[in-house]
Amino acid sequence: MLVLISFGQVFAIFDSSVLNVAFPSMERSFDTTARATLAWALTGYIISSGAALLLAGRLADRLGRKRVFLTGVAVFTVASALSGLAPTAGFLIGSRVVQGLGSALMIPSSLALALPEFPVGRRSQAIAVWGGLGAVAGAAGPPVGGAIIALSSWRWVFFVNVPIGVAVFTIGAVVLRESERSARTGRLDVVGAVTGTGAFAVLTFAILQGNSWGWSSVRILACLVGAVGLLMVVVARSQRHRDPLLDLSLFGNRRFTIATTSLAVFNSSVAAYWFAAPLFLQTVFGWSAWKAGLGIAATPAVNAMIAFTTGRWADRGHQRAMMAGGSLLAASAIAGIGALLDGDASYWVALFPFTAVLGISNAVAWPTFTSAALVEIDDHRYGTANATNITARTMGSAIGVAVLIAALGSDAAATAADFRRGWWIMVGLLVVAALCASLYPRPRDQVAART
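Residues numbered from 1 in each chain as written. Predicted model: local features only at pLDDT ≥ 70, side-chain atom pairs only at ≥ 80, totals over all residues. Heavy atoms only, no water.

Draft legend 1. Just the overall build of the protein chain, in detail. When helices and strands are counted, the protein chain shows 20 helices and zero strands. For a compact globule of 451 residues, the expected C-alpha radius of gyration is about 22 Å, and the protein chain comes in at 21 Å, within 12% of that figure. For the protein chain, the spread of C-alpha atoms along the principal axes amounts to about 60 × 50 × 45 Å. The 451 residues of the protein chain split such that 58% are buried. Considering only contacts within the protein chain whose residues lie at least 6 apart along the sequence, 83% involve residues at least 24 apart. About 17,800 Å² of surface is accessible on the protein chain, with carbon and sulfur atoms providing 68% of the total. Computing the positive centroid from 32 side-chain charges and the negative centroid from 19, the protein chain places the two 4 Å apart. (Helix = DSSP H or I, 4+ residues; strand = E, 2+ residues; numbered from the N terminus. Rg over C-alpha atoms; globule rule 2.2 N^0.38 Å. Buried < 20%, exposed > 50% of the residue type's maximum accessible area, 1.4 Å probe, protein only. Contact = heavy atoms within 4.5 Å. Areas by Shrake-Rupley, 256 points an atom, 1.4 Å probe, with all protein chains shown as cover. Lys, Arg positive; Asp, Glu negative; His and termini not counted. Charge placed at Lys NZ, Arg CZ, Asp CG, Glu CD.)

And the structure:
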């Protein structure tokens with residue numbers, strides 16, 4: 001069952017990693033379309049999936065997680081087929097936006113659907129397996145994508161999702177059990193849902209466009225002001241509506257707040273690393289995109305190998321040590337990269353060993369952030385809580401990449417010195433994540449809270 005419901009995360013990660021490799025081939029197919037316009041095939045997906053997560057989580061708890069998950073699978077699968085068939089760049093961008101909506105429906109509902117099937121003492125292990133399968137997808141994306149493109153075309157990057165999506169939908173309709181729906185009977189806050197989705201879409205858009213438009217430009221400032229205004233409306237309505245989009249009571253739970261905040265900061269650094277490492281290998285070392293993908297594959301590969309066992313440690317009450325320790329281990333690995341990696345360095349000395357260490361740190365910390373956030377959440381709120389947690393993770397990722405791009409500067413041919421600034425920013429963010437995680441309640445307090 002856990003493998004089945006992991007489809008959402010696995011293919012969301014796989015598609016993202018593959019498209020970074022496939023983008024040059026897509027440019028050649030749509031050679032009359034400007035690169036900035038075609039890039040919306042990537043950014044449109046990010047915006048639609050990130051903006052719809054909160055609403056998707058609320059719908060999963062309210063309407064049934066199986067129903068929402070299977071709907072997401074169907075939408076994602078159909079949009080994948082349309083993306084592969086896209087006759088124009090505009091059609092491709094539109095289908096990718098729809099694919100992002102399908103992803104948003106799948107991801108929070110999938111984990112929320114699985115966790116109640118596990119006893120409390122094994123839920124961290126279940127989350128670690130869920131995360132480990134995502135790591136496998138991340139490791140497989142660049143080489144598999146490169147092979148697909150070499151043998152056929154970028155369109156098959158999308159077509160491969162179709163038969164698997166059909167199989168997941170068919171099997172899931174039979175074997176998955178529907179969750180108990182939320183006891184709330186009031187109408188969903190439609191105004192809050194619209195303004196909240198719009199707020200996160202505008203905020204994500206501003207973060208993604210900030211470096212190209214300029215952070216002080218009128219357009220970016222207008223987007224930021226608009227996003228803040230919409231978020232204020234969401235918060236105000238959430239304080240008084242019976243069934244709000246954003247469940248503010250979640251943040252009254254200290255464990256949820258600390259773990260979610262720590263995850264957002266941690267992921268801002270990790271996302272920046274995933275953007276910077278292949279870019280460094282291509283611009284400074286002059287490697288091809290396919291070779292650069294293999295050059296960083298040790299991180300998800302090591303993550304996948306050990307992620308299936310690290311959840312047991314978290315289930316034994318070691319969440320704080322794992323979150324803080326994993327963050328510091330990642331900080332030490334990137335500090336090593338920052339100290340040793342330059343244009344003349346050996347890949348096997350200055351990068352490879354640290355990518356392996358990052359795989360260990362991710363396996364230790366990443367699933368623990370999620371399990372630590374959900375440890376005291378009622379089963380009927382898993383969809384909402386998981387969606388809130390993933391939204392924070394997504395926003396942290398977008399901010400981290402934006403900060404890195406600002407550190408690299410506007411010059412397309414960034415130097416090793418430019419990247420070094422980025423590495424040390426990542427280290428600082430990971431130290432902050434460790435400090436946040438150190439505030440998580442002690443294990444004995446957690447045991448007392450459960451009894």
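Draft legend 2. Quick look at the pattern of salt bridges. One pass over the structure, following the stated rule, counts seven salt bridges. For R58, the salt bridge goes to D243, with nearest N and O atoms at 3.5 Å. Remark: D243 occurs in the loop between helix 11 (218–240) and helix 12 (254–283) and R58 occurs in helix 4 (residues 40–63); sequence separation between them is 185 residues. Here R58 matches D243 in class, with each residue buried. (Salt bridge = Lys/Arg side-chain N within 4 Å of Asp/Glu carboxyl O.)

Draft legend 3. Geometry of the environment of L115. If you trace the backbone, L115 turns up in the loop between helix 6 (89–114) and helix 7 (123–151). Looking at L115, the relative accessible area reads 2%, which means it is buried. Sequence spacing of L115 and S371 is 256 residues, and the spatial spacing of their C-alpha atoms is 9.9 Å. With near-sequence residues (within four places) excluded, L115 lies in contact with R123, A126, I127, L374 and Y382.

Draft legend 4. Looking closely at the packing of helix 12 against helix 15 (residues 319–340). Axis separation between helix 12 and helix 15 bottoms out at 12 Å; the angle between their running directions is 20 degrees. Comparing their axes, helix 15 and helix 12 come out roughly parallel. Handedness of the crossing formed by helix 12 with helix 15: left-handed. Contacts between helix 12 and helix 15 involve A259, F266, S269 and Y273 from the former and M323, G326, S327, A330, I334 and I337 from the latter. For the contact of helix 12 with helix 15, the per-class residue count stands at seven nonpolar, three polar and no charged. (Axes fitted to C-alpha atoms, helices over the stretch in contact; angles between N-to-C directions. Parallel < 35°, antiparallel > 145°, perpendicular 65-115°, else oblique. Left-handed = near helix turned anticlockwise from the far one by under 90°. Nonpolar A, V, L, I, M, F, W, Y, C, P; charged D, E, K, R; others polar.)

Draft legend 5. Inspection of the packing of aromatic side chains at higher detail. The full count for this structure, using the stated rule, is 18 aromatic pairs. Judged by centre distance (6.5 Å) and plane angle (50 degrees), the ring pair of Y273 and W423 falls under tilted. Here the residue Y273 occupies a position in helix 12, and W423 occupies one in helix 19 (residues 416–437), the gap between them amounting to 150 residues. Across the pair, W423 and Y273 agree in class, each one buried. Chaining the aromatic ring pairs together yields one cluster made of Y273, W274, F280, F285, W287, Y347, W348, F352, F419 and W423. Here the guanidinium or amino end of K291 rests over the ring plane of W287, the centre of that ring lying 4.4 Å away. (Phe/Tyr/Trp six-rings, centres within 6.5 Å; stacked < 30°, edge-to-face > 60°. Lys NZ or Arg CZ within 6 Å of the ring centre and 35° of its normal.)

Draft legend 6. Molecular detail of helix 19. Between its first and last C-alpha atoms helix 19 spans 31 Å; for 22 residues at 1.5 Å apiece the expected length is 32 Å, and the two agree. The complete set of buried residues in helix 19 reads A416, D418, F419, G422, W423, M426, V427, L430, A433, A434, C436 and A437. (Expected span 1.5 Å × (residues − 1).)

Without other data, these values stay purely geometric and don't point to any function.
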